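Coordinate analysis (summary)
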Amino acid sequence: AARGRGPRRARASAKLVEGAPTLAIAGVSGAVGQEFLEVLAEREFPYGKLKMLGSSRSAGSKYTFEGVEYTVEELTDEALEGVDIALFSAGGGVSKKFGPKAAENGCTVVDNSSAFRMTEGVPLVVPEVNPEAMAHMKVGSGGIIANPNCSTIICLMAVTPIHKAVGVERMVVSTYQAASGAGAAAMAELEQQTREVLAGEEPTCDIFPRQYAFNLFSHNSDVGPNGYNEEEMKLVNETRKIWSEPDVMVSGTCIRVPVMRAHAESINLQLKGELSEDDAMKLLENAEGVSIINDRANNSFPTPLDVSGKDNVCVGRVRQDISQPGNKGLDLFVCGDQIRKGAALNAVQCAEQLLKNSGIL
């Protein structure tokens, strides 16, 4: 298991296999970097050699993974030489600096930042949704695969089965986003602020410019001239690219809530074809990576705690939209772990898909 900041014991082990690809993790000290290690171990990801990379500040730190102690190297072009697959979660600037050169040298970069998501020719992939987007990629050929934004992944895990069945005309999403989306420091500040507020002290506001504990506010990304913030526009543009549907209508309102690591989303759909509530439930029950909590009798539906540390997204509150005629409107509520399926797990699944494309897995 990985030991570092905030570790949890892995339930299985990654496989050190002679001749398997050389794997690197860029940004290993961060929340997502540590989750990469956890997920790799749990899913028994085969690797021949592992490199842990980070900033000059992180270089020299030590982490034990699968009983072997690793020293973090500074992320440089040279450090990526000979690497077959690199999982990046070190910020967009770092990805832009090192990703393209690594890809030119035969490394496949799975990038968790927004740097390449909308770049023409770079596949934006949720493996349960559009694995065909990266079907041409193999180990050794080099290239970049973009991990979608966390809120997009969680949303499309639930909505895509419905879209594939009858088509989505319009989607309106309201998100309730956890601290983890802003990194480990934001999670620590939420915990610190909670203690301070309960003690009657002024809350420390280093990460966000306002109190976060016992509060919520519009997502902290920049607001554009159309009134939508960057997070909301990611949902719009990434959905269109992943579905290859440039005209699908999407609108979002993204809110930061004082929850540690799992996002929640309220989703309203206007459908192209009719779909009953029962048929929608069957689609969701059969969808890979989706679990159902939809107990009306006991008013039990998905919560962030239900999915924290879990692979699957959870769907509930599934109901016909009574404001739309016929069976062409649907409401649902979705929760998913932001660090896991919203980031690390999805990236590792992309790497697994790469191995499958190459006949390795």
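Further up the page is the structure itself.
Bear in mind the structure is a predicted one, so any value in this text is a computation, not a measurement. (Residues numbered from 1 in each chain as written. Predicted model: local features only at pLDDT ≥ 70, side-chain atom pairs only at ≥ 80, totals over all residues. Heavy atoms only, no water.)

**Some thoughts on the packing of helix H3 (residues 150–166) against helix H5 (residues 230–243)**
Here H3 crosses H5 at 40°, and the two axes come no closer than 10 Å. In this view, H3 runs oblique relative to H5, as classed from their interaxial angle. Here H3 and H5 pass one another in a crossing that is right-handed. Across the interface between the two elements, Cys150, Ser151, Thr152, Cys155, Leu156, Val159, Thr160 and His163 of H3 pack against Glu231, Lys234, Leu235, Glu238, Thr239, Ile242 and Trp243 of H5. Looking at the contact of H3 with H5, its residues break down into seven nonpolar, five polar and three charged. (Axes fitted to C-alpha atoms, helices over the stretch in contact; angles between N-to-C directions. Helix = DSSP H or I, 4+ residues; strand = E, 2+ residues; numbered from the N terminus. Parallel < 35°, antiparallel > 145°, perpendicular 65-115°, else oblique. Left-handed = near helix turned anticlockwise from the far one by under 90°. Contact = heavy atoms within 4.5 Å. Nonpolar A, V, L, I, M, F, W, Y, C, P; charged D, E, K, R; others polar.)

**Things to note about the pattern of salt bridges**
A full pass over the atoms with the stated rule returns 13 salt bridges. Among the salt bridges present, the one from Asp77 reaches Lys101, with a minimum N-O distance of 3.8 Å. You can see Asp77 sitting in the loop between strand E7 (73–74) and strand E8 (85–88) and its partner Lys101 sitting in helix H2 (residues 92–104), a full 24 residues away along the chain. Taking relative accessible area as the criterion, Asp77 reaches 24% and is therefore assigned partly exposed. Residues Asp337 and Arg261 are paired through a salt bridge, measuring 2.8 Å at the closest nitrogen-oxygen approach. Taken together, the positions of Asp337 in strand E17 (residues 329–337) and Arg261 in the loop between strand E13 (249–256) and strand E14 (262–271) put the pair 76 residues apart, joining distant regions of the chain. (Salt bridge = Lys/Arg side-chain N within 4 Å of Asp/Glu carboxyl O. Buried < 20%, exposed > 50% of the residue type's maximum accessible area, 1.4 Å probe, protein only.)

**Section: the environment of Leu269**
Note that Leu269 resides in strand E14. Each C-alpha atom of the pair Leu269 and His163 lies 9.5 Å from the other, and the pair is 106 residues apart in sequence. Those residues in contact with Leu269, other than ones at most four positions away along the chain, are Val159, Ile162, Val168, Arg170, Met171, Gln324, Lys328, Gly329, Leu330 and Leu332.

**What to know about the sheet that holds strand E9 (residues 108–111)**
Strand order in the open sheet made by the six strands is E7-E4-E2-E8-E9-E10, with parallel pairing throughout. Of all strands in the sheet, those with a lone pairing partner are E7 and strand E10 (143–146), marking the two edges. Summarising the sheet, E9 and E10 pair through four bridges and their orientation is parallel. Following the sheet pairing, Val109 is matched in E10 by Ile144. Here helix H1 (residues 31–42) sits on the sheet and contacts strand E2 (22–26), strand E4 (49–54) and E8; the angle it forms with E2, its principal contact strand, is near 150°. Sheet strands in contact with helix H8 (residues 340–357) are E8, E9 and E10, and its direction is about 165° off that of E8. (Pairing = 2+ DSSP bridges.)

**Focus: the packing of aromatic side chains**
Taken as a whole and assessed by the stated rule, the structure comprises five aromatic pairs. An angle of 50° between the planes, with centres 6.4 Å apart, marks the rings of Tyr176 and Phe333 as tilted. Placement of the pair is Tyr176 in strand E11 (residues 168–177) and Phe333 in strand E17, with a sequence separation of 157 residues. Take Tyr176: its relative accessible area is 33%, and that puts it in the partly exposed class. When the ring of Phe208 is compared with that of Tyr212, the centres are 5.1 Å apart and the planes differ by 75°; the resulting orientation is edge-to-face. The pair Phe208 / Tyr212 is uniform in exposure class, with both members buried. Here Arg210 stacks its cationic end above the ring of Phe217, 5.2 Å away from the centre of that ring. In this structure, Arg317 packs its charged tip against the face of Phe301, placed 5.3 Å from the ring centre. (Phe/Tyr/Trp six-rings, centres within 6.5 Å; stacked < 30°, edge-to-face > 60°. Lys NZ or Arg CZ within 6 Å of the ring centre and 35° of its normal.)

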